Amino acid sequence: MMRKILFLLVILNQACGLKNYEHLECGIESVKKSFRILDTVLIREVFDPSALYCVGKNFWVVNRKQSGKVFYKYDSELSFYGSYFSYGRAGNEFVFVDNSLKGGCDTALYLYTNWFDCTKFSFSERGIAVADNFRILPEIQNNVILLNDSLVFYRALADDKPFHIYNYMKKEIVCKFGEFPEAPIKIGNDTDRDNVCLCNSVYAATEKKLVTFYESIPIIRLYDMNTHALVREIEITDCERQVASVDDYYADENIIYFLMPMQQGNNIYVQYLNKGATESVNETVLLKMDLNGNIVEKLVLNQYCPIYTITETGEFCGISILGGEYYFCKTKL
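Draft legend 1. How the structure looks around the pairing of strand β5 (residues 58–63). For β5, the buried fraction is high: 6 of the 6 residues fall into the buried class. Here β5 shows no split at all, with N58, W60 and V62 on one side and F59, V61 and N63 on the other all buried. By the bridge criterion, 6 bridges tie strand β4 (residues 49–55) to β5 in an arrangement that is antiparallel. Residue pairing in the sheet places V55 in a bridge with N58 of β5. The turn joining β4 and β5, which pair antiparallel and follow one another in sequence, is formed by 2 residues; a positive phi near 65° is taken by G56. One ladder, built from 4 bridges, connects β5 with strand β6 (residues 69–74); its direction is antiparallel. By the bridge assignment, V61 is partnered in β6 with Y72.

Draft legend 2. Region of the structure containing unusual backbone geometry. Phi is positive for K208, which is not a glycine, with a value near 55°. The residue K208 is located in the loop between β17 (199–204) and β18 (209–214) in this model. A residue is classified by how much of its surface remains accessible, and K208, at 37% relative accessible area, is partly exposed. At H228, a residue that is not glycine, the phi angle is positive and equals roughly 65°.

Draft legend 3. The arrangement of the pattern of salt bridges in detail. As enumerated under the stated definition, the model contains 12 salt bridges in all. For K298, the salt bridge is made with E29, and the minimal N-O distance between the two is 3.4 Å. Within this pair, whereas K298 is found in strand β24 (residues 295–301), its partner E29 is found in the loop between β1 (22–26) and β2 (33–36), the two being separated by 269 residues in sequence. Given a relative accessible area of 9%, K298 falls into the buried group. Through salt bridges with shared partners, one network takes in D160, D190, R193 and D194.

Draft legend 4. Broad picture of the environment of F180. Here F180 lies in the loop between β16 (172–177) and α2 (190–196). When the C-alpha positions of F180 and E93 are compared, they lie 38 Å apart, and in sequence the two are 87 residues distant. Excluding anything up to four places from it in sequence, F180 contacts D159, D160, P162, R193, D194, C197 and R221.

Draft legend 5. View of the sheet that holds strand β8 (residues 93–94). Taken in spatial order, the 5 strands of this open sheet run β4-β5-β6-β7-β8, and their pairing is mixed. Of all strands in the sheet, those with a lone pairing partner are β4 and β8, marking the two edges.

Draft legend 6. Quick peek at empty space enclosed by the protein. Taken as a whole, this structure holds 1 cavity of 30 Å³ or more when the rule is applied. For the largest cavity, the calculated volume is near 60 Å³. R155, A156, L157, P162, E179, F180, P181, D194, C197, C199 and Y214 are the residues that line the largest cavity. When the residues that make up the lining of the largest cavity are grouped by side-chain class, the tally is 8 nonpolar, no polar and 3 charged.

Rules and cut-offs
- Residues numbered from 1 in each chain as written.
- Predicted model: local features only at pLDDT ≥ 70, side-chain atom pairs only at ≥ 80, totals over all residues.
- Heavy atoms only, no water.
- Buried < 20%, exposed > 50% of the residue type's maximum accessible area, 1.4 Å probe, protein only.
- Helix = DSSP H or I, 4+ residues; strand = E, 2+ residues; numbered from the N terminus.
- Pairing = 2+ DSSP bridges.
- Salt bridge = Lys/Arg side-chain N within 4 Å of Asp/Glu carboxyl O.
- Contact = heavy atoms within 4.5 Å.
- 1 Å grid on protein atoms, 1.4 Å probe; cavity = no way out; pocket = protein on both sides within 12 Å on 5 of 7 lines; lining within 4 Å.
- Points joined across faces, edges and corners; volume = space filled by probe spheres on them.
- Nonpolar A, V, L, I, M, F, W, Y, C, P; charged D, E, K, R; others polar.

Structural data, given as structure tokens:
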């Protein structure tokens, strides 16, 4: 009898459209606000930076320009130290170097390289070396995250389930999960859906939680990675309304909310734009969250840094573009 009652409750929940996860509403203006003035240093060596990492006491810039080197090293005072590795197809060269796949340490970074691989880079006072390289994907994917020594997460395309977990030791997909949120931009097909619901996730390994930020939808979602269930959704209620059509979206006439989430220690940081895709941005607004998705602080920095990192000691270091030149921007948070 008890099983029948539980079964009926499940049917009633589905029929009534009840959410089986916690839904919270948050007003950004009610969050504690702090302001910071950035110290700036001109960058003369890098022509097209795409990422910035802090390893130990040094900063490493990844350069996208194929005619330059891949890595540029700067010390804690942002003085240039040296450049390393080249783009190409010969041994020890790279076709493609992208984001960090997992949290590094004082001596290593794990980066998504050459479309299908993970490369572990080890660092020392002498420079940088490849410590390991291994295939993690059979084809190009987005928002790739190493979960452990055999599993990798990625955001899928053209699939009813947006998130996949792939076992790269067994070469098989072991899990598909997640649901697409209801988008304020009306979509016409799967490609529209994948673009409008574009998101970037951060994996908090200690808590086994996936925190997902949507670029064009003002929501944040938390997944329990033990069960792959959506457990919490945070809706931003005092943001600019998304009134764009799908044609407006492809013409860059939509609102952008979240960009470039990253974890440092027990906090997650994300850029909060809340602006049109082509609007000028003159400051960096960072939301600081705990690992449960609670927004604890809004940090406003006086220059916009599309590329940034947070050090273990709580220091912000970013790269801004001023007058057509690149600058390091730095401050204590």
